[in-house]
Amino acid sequence: MAITLKIQRFLGEKKWEQEYRLEVETGMTVLGALIKIKETMDPTLTFTASCRSSICGACAVKVNDNAVLACETLLADLLKRYASDTLTIAPLGNFTVLRDLMVDWQPKYDRLKKIKPALQPKTEFSASEGCRQSKDEFKKYSKNSECILCGSCVSECNKSNLNSKDFLDPFIFSKAAKFVADSRDKDAVAHLEPAVKDGLWKCLNCQECAAKCPKGLSPAEDIEKMRIATFEKKMSSNEGSDHAMAFYDDVKELGRLDEAKLALKTEGLKSALRVPVAYRLMRSGKLNPLEQAKPIGDIEKVRAIMKAAKEKKL
Amino acid sequence: MSRRTFLKVGAAAGAAVVAGAYFAWPGSNIPEAVRSGSALYDVLIIGSGGAGMRAALEASKQKGIKVAVMTKMAPTRSATTMAQGGINGAARNTDTKDSPEIHAFDTVKGADYLCDQDAVAYYTEESAKMLFELDYSGIAFNRQEDGRFHQRKMGGSSYARAAYSADISGHAVLHTMFEQCLKENIDFISECQLLEIVAMNGKLSGVVAVDMRSGEMLSVPAKTVIVATGGYGRAYWVRTSNPYSSTGDGIAACLNIGIPFKDPEMVQFHPTGLASNGVLLSESSRSEGAHLLNSSGERFMARYAPKAMELGPRDLVCQSVEKEILAGRGIGEGLKAAVYLDFRHIPKAIIQERLFQVRQLALQFEGVDIFDAPAPIRGTCHYSMGGIDVVDYKTCATKIAGIYAAGECSCISVHGANRLGANSLSEVLVFGKTAGAAAAAYAKGAGYEGDKEKLKAAVAAWNRKFDETTKRSQGASVAMIRDKMAMTMWNNAGIFRNEKGLRQAMGDMQELQAMYNTCQVGDSSRTCNTAFMNYIELGNLLRLGKGIIYGGLARKESRGSHSRTDFPQRDDKNFLQHTLISKEGDGFKTEYRPVMIGQYKPVERKY
Ligand SMILES: Cc1cc2nc3c(=O)[nH]c(=O)nc-3n(C[C@H](O)[C@H](O)[C@H](O)COP(=O)(O)OP(=O)(O)OC[C@H]3O[C@@H](n4cnc5c(N)ncnc54)[C@H](O)[C@@H]3O)c2cc1C
Ligand code: SF4
Ligand code: SF4
Ligand code: FES
């Protein structure tokens, strides 16, 4: 069947949308279609791809506003999902566009450097004999080592959309979390500190990143784990709570949350001890700041839940 | 309104600003000094695969040495990241009976004796150590009970020797190297495609490259250059497991300045490429016990390698697959003909733990879930044993002082006529390290002897070429010439070869070259002109393809991956030699150099 791809094009100062119509062949991926267009219709269409087997991370683009790996996404599936023969293709969000679908990774690498993105092996290990680690310890971080740096997670990250200056990209948090969870690393705090400094408490927990990651990572969950780790590592509580406040300020920027904020304030969010409690509450959905429309009559229930959270029962 | 949708709506206002904020952005992919022309590198590495990054890490250990890695894409997009099965080294974690000597013997035998045994001994010695180094650098190696990294047995290995990270071992290696590069603050010259190495009268001046973003032709003076640009598998275009970037650019650049292309005919075909598009199903499939079946469900390897069965070396297994298809015992027809790879007897838990990528690829491209049905597979061009002629394995030096080569683009030669599974990743790291150390040491003791005027002249010539070729509005398209090239290479210089076919391919390539000379690029913008990039790559593939054919014609024997139906026997008397193809006028000349034989005397290979 024939489909129409509306592709967002960028070149120099110019920006336009261009339509291409082509026949879908069986097994044709989005990348297959882009290649077909470039080779048979328009050699100027620009995108990047290398492995065509979902492992190099070069080909992520937005289809109908959702980031996907072009090389693994079958057109037939998309047509079914959107029940339409027209798809819109655009470069990833939260990246600077270089041309058409090609985006600039360089600033991301500079940011990646901030979280000390390399193992700091414990002193009992050596380059001549390697490290020791149990299978269970390995499992704690191995998923995070599967990140292919494709950028899908940041494309629709709501926090990055609002303001990415004070917030590292989701995959960068996942990278930091990898080292925090790796039993071979001697100093989790060295990875945690920069994460805290650059937005650990500002994630909105909207789960877009986890929904978009083609490799099944969950930066959102990694962020949660690291937040908890900051308390386990007894990192300066003031810092933690300040950032928790900043988190709420961010949500506030979105223009909501009064009641929830009130409830939290009643319990005294500024007190360092309460931060993980409040945090656990949010996590478990018992105190969702955005859906707290319940009247104050429920406050006793809320307090009970918060008490449970404090006792780590949630 | 759910929380998620609410956030989406709330954030949309912010997003609109971001999307509207498009502007031309040169970015910081290139260090300022390179753009302004004032940079002089001690060690300039071309290619950011495992070899290039490892070289950079080693070279930068030398104090006061200026190092950079140039790469044509973003740094983490390479063939290295695609490696699946594992990385060999006789670390003896899993099998204490293993040793570097046994690893060397397996490698030499796998190579069908066309490798230099002194280089192999060095390689196996170093690769055993290198696995521990990698572990210490933070790679996510799968573990065994005692807490050490676990090793699995790959095709052609006597013992369990390959450390691995599920079935994404190369990805693990590459990202570990990248992490180390970030930590060491290695300079990357990103999205810059090498066009030419400038060296005259044996003196290196530096390189010319095109900055993808601005389209500017850059000249980068350097005291030493390490070429680490990967293989040339894309000469077979669709029937290859290689990434789009494996176009042999560095080998072509070396050929142009008089460094020979060694053993070009030695191209490895991997037996288990997906039938539809050549994408690889890892060799770990077979090491985890998958069976090869023909159309009647028979495990046909019993006919060709009764002892090793599916775990025979790649060349043998691949040729067996092809023989089954030729004998009519395959499924499907033409380029889509195939046999089956069957996983159904392997516990699902094992597949989930160790072969999840394999399962995903089969599902995606063939619509087959390997839990329930066998996957259709056929040979696919996988690895380039041939490459830049390295004359000293202890330094990775080529015949031109200051130019080094490491990784798949090089021919040292460790893999001879056939590389064993999991031997490349370790070769890449061992010799990347070796080349990095040697180049840094050389640069430390040497001044810049190049000629910046020559570099400038080369830049001017490339600018003219860009304008001229991108202006054309007539002529064949790059893709059309490329597909014809792939077709003749696969049919005539593929798994089985003979005089008639190779001559046919030679004629075809000549015609294609003529078409190429007047073909159209189709995009005249200087900004991120990937069409121009593809045009340059095709030019390189045409040259290297011709090299494969030349080498194949001259080697009148069958050895390892080079299988001549008109000369089915190995001929040690005449061909225990490396082929050296070098430029002569507009054409090539063929010379030979004897193989270095050590303690393992050539005998017939049996598996
Ligand atoms: C699907 C697959 C599976 C594999 N599985 C295994 C395995 O299990 N075990 C194993 O040992 N080996 C395996 N291999 C082989 C192994 O991955 C490669 O041989 C090895 O990684 C090559 O590394 P390299 O550093 O030499 O080159 P590459 O990783 O190919 O890197 C080349 C680099 O050079 C750059 N480059 C190229 N041309 C230019 C230019 N003109 N200008 C600038 N930069 C340029 C590229 O962008 C890239 O960064 C596999 C290969 C494939 C394709
Ligand atoms: S959960 Fe956090 S990191 Fe993930 S997309 Fe939402 S805001 Fe971004
Ligand atoms: S976390 Fe997932 S989506 Fe994000 S860059 Fe890594 S692989 Fe891509
Ligand atoms: S092309 Fe490599 S992930 Fe899609």
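With that out of the way, let us pick up the site of ligand 3. Contacts to ligand 3 come from C147, I148, L149, C150, G151, S152, C153, F171, C213, P214 and L217 of chain A. Split by residue class, the shell around ligand 3 holds 9 nonpolar, 2 polar and no charged.

Residue and element names in this part refer to chain B. By size, the foremost hydrophobic cluster in this structure holds 225 residues, and its most contacted members are V43, L44, I87, I197 and Y236. The element that contributes the greatest number of residues to this core is helix α17 (residues 530-554), accounting for 11 residues. If we ignore the near neighbours within four places in the chain, the residues touching I87 are M130, L131, L134, F141, R161, A162, A163, V173, A422, L425, S426 and L429. Within the second largest apolar cluster, 27 residues are counted, among which are A305, M309, V321 and I351.

Okay, the environment of I148 of chain A next. Position of I148 of chain A among the secondary structure elements: in the loop between α4 (135-142) and α5 (152-155). Spatially, the C-alpha atoms of I148 of chain A and A67 of chain A are 14 Å apart, while their sequence positions differ by 81 residues. Discounting residues that sit within four places of it in the chain, I148 of chain A has contacts with S54, I55, C56, G57, L69 and K215 of chain A together with R77, H171 and H175 of chain B.

Residue and element names in this part refer to chain A. Burial along strand β3 (residues 60-63) is two-sided: the face carrying A60 and K62 and the face carrying V61 and V63 are both buried. Looking at chain direction, β3 and strand β4 (residues 66-69) are connected through 4 bridges and run antiparallel. Counted as the bridge partner of V61 is V68 from β4. Between the end of β3 and the start of β4, which pair antiparallel, lie 2 residues, with N64 showing a positive phi angle near 45 degrees. Here 2 bridges tie β3 to strand β5 (residues 86-90), and the two strands are oriented antiparallel to one another. Bridge pairing in β5 links V63 to I89.

Moving on, we come to the interface of chain B and chain A. Accessible area lost during the coming together of the parts is what is often quoted as the interface size. Each side of the interface is counted separately: chain B has 86 residues, and chain A has 84 residues. A buried area of about 7000 Å², summed over both sides, lies between chain B and chain A, and 55% of it is on carbon and sulfur atoms. Remark: the boundary between chain B and chain A carries 7 salt bridges. The partner of D523 of chain B in a salt bridge is R99 of chain A, with the nearest N and O atoms 3.1 Å apart. At the surface where chain B touches chain A, the tally comes to 25 residue pairs in polar contact (both at pLDDT 80 or more). At the level of elements, α1 (3-20), α5 (117-137), α6 (169-183), α12 (356-366), α15 (478-492) and α17 of chain B are the ones that each hand at least two residues to the side of chain B that touches chain A.

It is worth spelling out the pattern of salt bridges at this point. Oppositely charged side chains may form a pair once their charged atoms are brought near each other. Within this structure, the stated rule accounts for 69 salt bridges over all chains. With its nearest N and O atoms 2.8 Å apart, the salt bridge here joins K212 of chain A to E208 of chain A. Taken together, the positions of K212 of chain A and E208 of chain A, both in helix α9 (residues 208-212) and 4 residues apart, correspond to about one turn of that helix. The burial state of K212 of chain A is the same as that of E208 of chain A; both residues are buried. Note that D572 of chain B is salt-bridged to R559 of chain B, the shortest N-O span being 2.8 Å. With D572 of chain B in helix α18 (residues 572-575) and R559 of chain B in the loop between α17 and β19 (563-564), this residue pair connects regions lying 13 residues apart in the sequence. Take D572 of chain B: its relative accessible area is 27%, and that puts it in the partly exposed class. One network of salt bridges, in which partners are shared, links D112, D263, E265, R555, E557, R559, R570 and D572 of chain B.

Analysis parameters
Residues numbered from 1 in each chain as written. Chains lettered and ligands numbered in written order. Predicted model: local features only at pLDDT ≥ 70, side-chain atom pairs only at ≥ 80, totals over all residues. Heavy atoms only, no water. Near = heavy atom within 4 Å. Nonpolar A, V, L, I, M, F, W, Y, C, P; charged D, E, K, R; others polar. Core = buried A, V, L, I, M, F, W, Y, C linked by side-chain atoms within 4.5 Å. Buried < 20%, exposed > 50% of the residue type's maximum accessible area, 1.4 Å probe, protein only. Helix = DSSP H or I, 4+ residues; strand = E, 2+ residues; numbered from the N terminus. Contact = heavy atoms within 4.5 Å. Pairing = 2+ DSSP bridges. Buried area = accessible area lost by both parts, 1.4 Å probe. Salt bridge = Lys/Arg side-chain N within 4 Å of Asp/Glu carboxyl O. Polar contact = N/O pair within 3.5 Å; in protein donor to acceptor, adjacent residues only side chain to side chain.

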